[in-house]
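Inside the fold
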Amino acid sequence: MAPLQVYYSGLLFAPQSSLIRGGYFNNIPWVTMEPKVADGWSSLIQTLEGHTSAVNSAVFSADGKLVASASDDHTVRLWDTSTGKQCGVLEGHTYYVKSAVFSPDGKLVASASYDKTVRLWNTSTGKQCGVLEGHTGYVFSAVFSPNGKLVASASDDHTVRLWDTSAGKQSGVLEGHTSWVTSAVFSPDGKLVASASMDKTVRLWDTLTGKQCEVLEGHTNYVYSAVFSLDGNLVASASKDETVRLWNTSTGKQYGVLEGHTDMVESVVFSPDGKLVASASQDKTVRLWDTSTGKQYGVLEGHTDVVTSAVFSPDGNLVASASWDETVRLWDTSTGKQCGVLGGHTRGVTSVVFLPGGNLVASASWDKTVRLWDTLTQKQYGVLGGHTRTVTSAVFSPDGKLVASASKDKTVRLWDTSIGKQCGVLEGHTDCVYSAVFSPNGKLVASASSDEAIRLWDTSTGKQCGVLGGHTNYVISAVFSPNGMLAASVSSNTVRLWNTSTGKQCAVLEGHTHDVSLAAFSPDGKLVASASRDETVRLWDTSTGKQCGVLEGHTGGVTSTVFSPNGKLVASTSFDKTVRLWDTLTRKLYGVLEGHTGAVTSAVFSPDGKLFASASWDRTVRLWDTTKKTTIEVIKTHVTIEITKFSNDGTLLHTNRGILQLNSPLHSSGNQELAHTFTHSLYVTDQWITCNMKKLLWLPVEYRPSCAAVNDTANLIAIGSDSGTVILISIDFTALPAAYLQPSIKAPVVVGKGFLGLVGC
């Protein structure tokens, strides 16, 4: 679809020591700053992309040629393991699909869903061949019997149901549990089903008669999973009571209690020879147990977050574990030592499974991907950047020389844009940092955190120069006054003013009765306007901290507020689909701008104040005459955008999706100096960097943005990712092919003679 762009990406993001990079990469003429990349290749073979929401499970077919993945996007997808290509999308479920499993002969897939059904699919055609209906609650899992003739499904309706796969009909209802049934599994000979439940029991059932054989009691909390040994003589169960218990299937008696975990046990599995049991726990460990003695054989430590599942390789020599720490780890069962970290996921890993041959592992993750790994290489993937958790925001300094990135790892990091290196770690917050902002002169950074404080940092030294504490809830945002002497922070239903030179609180602006969306200073810094979900805008005197006006009239929460350049007007946008203009001197309503059919989310005045632009969820931008209070253009954007500013002459609108060209009779005539930054538009989508809405550079999964910032003056892009990395890429427009420098869409507007210029889709 885009061979040239992908070729460039392949070179630009290939590891530093790779033969591809060494042999073919001299430079890309239009990239003047390259991103920092890993030194070597990881064990990752393929990333299977296509799901649009969390992937809950992944499983190989018996011959290893296919992988089936189940997702919250309501689909099951089939993948060819030799090519990594998607070879089927199994659509039909109407709610989250929690598990998918192949029949023993590989001809069918059974999927379990929160839509209360199990569905059967033909793997060769991808068509649905049966809907197994009968459950009255969510279905958590489905599993085939060893001969493929039956399916057992577990549900929160307290039952396990058996289904005849050839007829597509229910053949039995296994009733007896008094709470949710979390999983069900067949014995190796298919004669028994074991079900685990939140009623703290495991129950054994005769598949022929549907009668309950045994109730395995002993756990003191929820049981999450149960599994048979290969000879069918034992059942192992994992529980929230922090234990694994072994049961004799013939007598129903407890055979052993495996104690040692310090948090709930998520899953349990037998080794192929039945001599070991591996248990995965929220205590961040996997533990190995000797089934003959019940003693702990090894503690596999290394994960930094909850371990969700563990599985043995076919030969029993390895254990693979999946974790919320975004990794799959390989362990040697003979030594208990870690022999590989398969990193690359950008969200928690929910499950992992070996290919029957043993050299491949498939892992499923909350980052919406399934990944395949080569266990033989066992290389650790290099971590780029410095953040250790999701990057929540990135912002450029006014002069473009620095980028500040805020992260859930409780730090703000400063990066030198000229060399792409980290030049400061701003540490001090005790919880997630949600945003950071530079002062107008670039000498200070203010960071907002869920630790209920704003912190000020000196950008020249990287040292903290003020803690603006006192908030009693999460701090959402901060903004500097035009002269940089004051900062306003927004939290819950209050706004606080701070003296940036002393770090002391000047005033607490209280009065709103619901959450405050944001605050804005007037051009002279004498007023602060705050927008709130209580449907009001409030004006505050910055010298006294007192409220000097309540602007009432909206019938929905106020989403934003902005002052006109001369400070005489303040505009507010709202969920009530209107924009309201207010006279800051009289505090009276100046005009209501109506026409949007969805919530209005952002707005901006032109430099001379004659024009006003608003963006809405109705996927339009409207241009208004502030004197006549009438619409003069309606531009269909086809996407929801955020407006940031006008060009100096009022002919262009800069948005987070690109540039809109306007055609209005009210443009300023005095200033024709158009900055070159408004002649081209860079934008970062989920997978692409685009220029003037044309795809320029594809972003590999490890470099996908959780947030991004574009500095127009330097044509510089900063991208923060869920893995904690920040990369910088600079584009030289003069070296780009001419096709990238032309607008790619011209669409008629509804009112006036304007047209849609450069807007990203």
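Procedures and definitions
Within each chain, residue numbers correspond to sequence positions counted from 1 in written order. Only residues with pLDDT of 70 or above have their local features reported here, since the model is predicted, and side-chain atom pairs are shown and tallied only from 80 upward, although totals for entire chains, interfaces and linings are computed over all residues. Side-chain numbers come from the whole structure's heavy atoms, not from hydrogens or water. In this text, helices come from DSSP runs of H or I with a minimum length of four residues, and strands from runs of E with a minimum of two, each type numbered from the N-terminal end. The rule is simple: take the accessible area with a 1.4 Å probe, protein chains only, and divide by the maximum for that residue type; under 20% is buried, over 50% is exposed, in between is partly exposed. The contact rule is simple, with two residues in contact once any of their heavy atoms fall within 4.5 Å. Each accessible area value is a Shrake-Rupley result obtained with a 1.4 Å probe; residue values ignore everything except the protein chains displayed when judging cover. The salt bridge definition used is simple: a Lys or Arg side-chain nitrogen within 4 Å of an Asp or Glu carboxyl oxygen. As used here, the arc is the angular range of directions from the helix axis to the C-beta atoms. Pairing of aromatic rings covers Phe, Tyr and Trp, the last counted by its six-membered ring, and requires centre-to-centre distances within 6.5 Å; plane angles under 30 degrees mean stacked, over 60 mean edge-to-face, and any other angle means tilted. To sit over a ring, a charge needs its Lys NZ or Arg CZ within 6 Å of the ring centre and within 35 degrees of the ring normal. Only when DSSP finds a minimum of two bridges between them are two strands counted as paired. Lines are fitted to the C-alpha atoms to define the axes, a helix being fitted only along its stretch in contact, and any angle between axes, read from their N-to-C directions, falls within 0 to 180 degrees. Here the nonpolar core consists of buried residues drawn from Ala, Val, Leu, Ile, Met, Phe, Trp, Tyr and Cys, with membership extended through side-chain atoms lying within 4.5 Å. Positive charges come from Lys and Arg alone, negative charges from Asp and Glu alone, with His and the N- and C-terminal ends not counted. Think of a polar contact as two N or O atoms within 3.5 Å of one another; within protein, one of them needs to be a possible hydrogen donor and the other a possible acceptor, and neighboring residues in sequence only count if both atoms come from side chains. pLDDT gives the predictor's per-residue confidence on a scale running from 0 to 100.

1. Details of the overall build of the protein chain
Looking only at helices and strands, one finds 2 helices and 69 strands in the protein chain. The buried share of the protein chain, taken over its 761 residues, is 59%. Taking all contacts inside the protein chain whose residues are at least 6 apart in sequence as the whole, residues at least 24 apart take part in 43%. In the form shown here, the protein chain has an accessible surface area of approximately 30800 Å², with 49% of it arising from carbon and sulfur atoms.

2. Section: the pattern of salt bridges
Tallied over the entire structure, the rule returns 12 salt bridges. Asp-73 is the salt-bridge partner of Arg-77, the closest N and O atoms lying 3.6 Å from each other. The burial state of Arg-77 is the same as that of Asp-73; both residues are buried. Salt-bridge contacts for Arg-203 lead to Asp-199; the nearest nitrogen and oxygen are separated by 3.6 Å.

3. Observations regarding helix α1 (residues 3-12)
The set of residues buried in α1 consists of Gln-5, Tyr-8, Ser-9, Leu-11 and Leu-12. Looking down the long axis of α1, one finds its buried residues gathered within 165° of arc, a one-sided arrangement. In the core, the buried residues of α1 are packed alongside α2 (19-24), β1 (31-33), β62 (688-691) and β63 (694-698).

4. What to know about unusual backbone geometry
Even without being glycine, His-74 reaches a positive phi, approximately 80°. Tracing the chain through its elements places His-74 in the loop between β4 (66-71) and β5 (75-80). Although it is not a glycine, Arg-587 adopts a positive phi angle of roughly 65°. Tracing the backbone through its elements, the reader meets Arg-587 in the loop between β52 (579-583) and β53 (589-593).

5. Describing the packing of aromatic side chains
What the rule picks out here adds up to 12 aromatic pairs. When the centroid spacing of 5.9 Å and the interplanar angle of 45° are considered together, the rings of Tyr-96 and Tyr-114 count as tilted. Note that Tyr-96 is positioned in the loop between β6 (86-91) and β7 (97-102) and Tyr-114 in the loop between β8 (108-113) and β9 (117-122), a separation of 18 residues in sequence. The exposure class of Tyr-114 is buried, given its relative accessible area of 18%. Taken together, a centroid distance of 4.8 Å and an interplanar angle of 65° make the contact between Phe-605 and Phe-612 edge-to-face. Members of the aromatic cluster, connected to one another through ring pairs, are Tyr-95, Tyr-96, Tyr-114, Tyr-138, Phe-140 and Trp-180. Taking NZ or CZ as reference, Lys-629 lies 4.3 Å from the ring centre of Tyr-590, over its face.

6. With respect to the pairing of β6
Sheet analysis places β5 next to β6, joined by 5 bridges and oriented antiparallel. The residue of β6 that forms the bridge with Val-76 is Leu-90. Where β5 hands over to β6, the hairpin turn is made up of 5 residues, of which Gly-84 adopts a positive phi near 80°.

7. Details of the pairing of strand β66 (residues 726-731)
Buried residues dominate β66, accounting for 6 of its 6 residues. Here β66 shows a buried face lined by Val-726, Leu-728 and Ser-730 and a second buried face lined by Ile-727, Ile-729 and Ile-731. Pairing geometry for β1 and β66, over 2 bridges, is antiparallel. Bridge pairing in β66 links Val-31 to Ile-731. As paired strands, strand β65 (residues 716-720) and β66 are joined by 5 bridges and run antiparallel to one another. In the sheet register, Gly-720 faces β66, and the bridge partner there is Val-726. Taking the residues between adjacent antiparallel strands as the criterion, β65 and β66 are bridged by 5 residues, where Gly-724 takes a positive phi near 95°.

8. Comments concerning the sheet that holds strand β51 (residues 569-574)
With respect to topology, 4 strands assemble into an open sheet ordered β50-β51-β52-β53, the strand pairing being antiparallel. The open sheet is flanked by β50 (558-563) and β53, the only strands paired with a single partner. Across the sheet, the mean angle from the axis of one strand to that of its neighbour is 20°, orientation sign disregarded. Here 5 bridges tie β50 to β51, and the two strands are oriented antiparallel to one another. Bridged to Val-562 within β51 is Ala-571.

9. Focus: the nonpolar core
By size, the foremost hydrophobic cluster in this structure holds 25 residues, and its most contacted members are Phe-13, Trp-30 and Ile-689. Elements that contribute at least two residues to this core include exactly α1, β61 (682-684), β62, β63, β65 and β66. Not counting residues up to four positions away in its chain, the partners in contact with Ile-689 are Tyr-683, Val-684, Lys-694, Lys-695, Leu-696, Leu-697, Leu-699, Ile-717, Ile-719 and Ile-729. Membership of the second largest hydrophobic core comes to 14 residues, among which are Leu-623, Ile-635, Phe-646 and Leu-653.

10. Quick look at the side chain of Asp-156
Mapping Asp-156 onto the fold places it in the loop between β12 (150-155) and β13 (159-164). Here Asp-156 occupies a buried position and makes no salt bridge, while the nearest side chain of opposite charge, Lys-116, is found at 7.6 Å. Side-chain polar atoms of Asp-156 contact the backbone nitrogen of Tyr-138, separated by 2.8 Å. Beyond its immediate sequence surroundings of up to four residues, Asp-156 is in contact with Gly-137, Tyr-138, Phe-140, Trp-180 and Val-181.

11. A few points about the side chain of Thr-207
Position of Thr-207 relative to the elements: it lies in the loop between β17 (201-206) and β18 (212-217). In this structure the side chain of Thr-207 is engaged in a polar contact, spanning 2.9 Å, whose partner is the backbone oxygen of Gly-190. Beyond its immediate sequence surroundings of up to four residues, Thr-207 is in contact with Leu-150, Leu-162, Phe-186, Gly-190, Lys-191, Leu-192 and Val-193.

12. Some remarks on the sheet that holds β6
Spatial strand order, β3-β4-β5-β6: 4 strands in an open sheet with antiparallel pairing. Looking along the sheet, the strands with just one partner apiece sit at the ends: β3 (55-60) and β6. Taken over all neighbouring pairs, the strand axes of this sheet differ in orientation by 20° on average, direction set aside. In this structure, β3 lies alongside β4, joined through 5 bridges in antiparallel fashion. What sits directly across from Ser-57, in β4, is Ala-70.

13. Notes on the confidence of the model for the protein chain
Confidence in the prediction of the protein chain, expressed as mean pLDDT, is 82, and 85% of residues score 70 or more. Of the regions scoring below 50 in pLDDT, residues 665-679 engages in 34 contacts with residues more than four places distant in sequence or in other chains. The low-confidence segment residues 744-761, where pLDDT is below 50, has 54 contacts with residues more than four positions distant or belonging to other chains.

14. A short note on the environment of Leu-697
By secondary structure assignment, the location of Leu-697 is in strand β63. Along the sequence, Leu-697 and Gln-5 sit 692 residues apart, while their C-alpha atoms lie 5.3 Å from each other. Excluding residues that lie within four positions of it along the chain, Leu-697 makes contacts with Gln-5, Tyr-8, Ser-9, Leu-12, Phe-13, Trp-30, Gln-687, Trp-688, Ile-689 and Ile-729.

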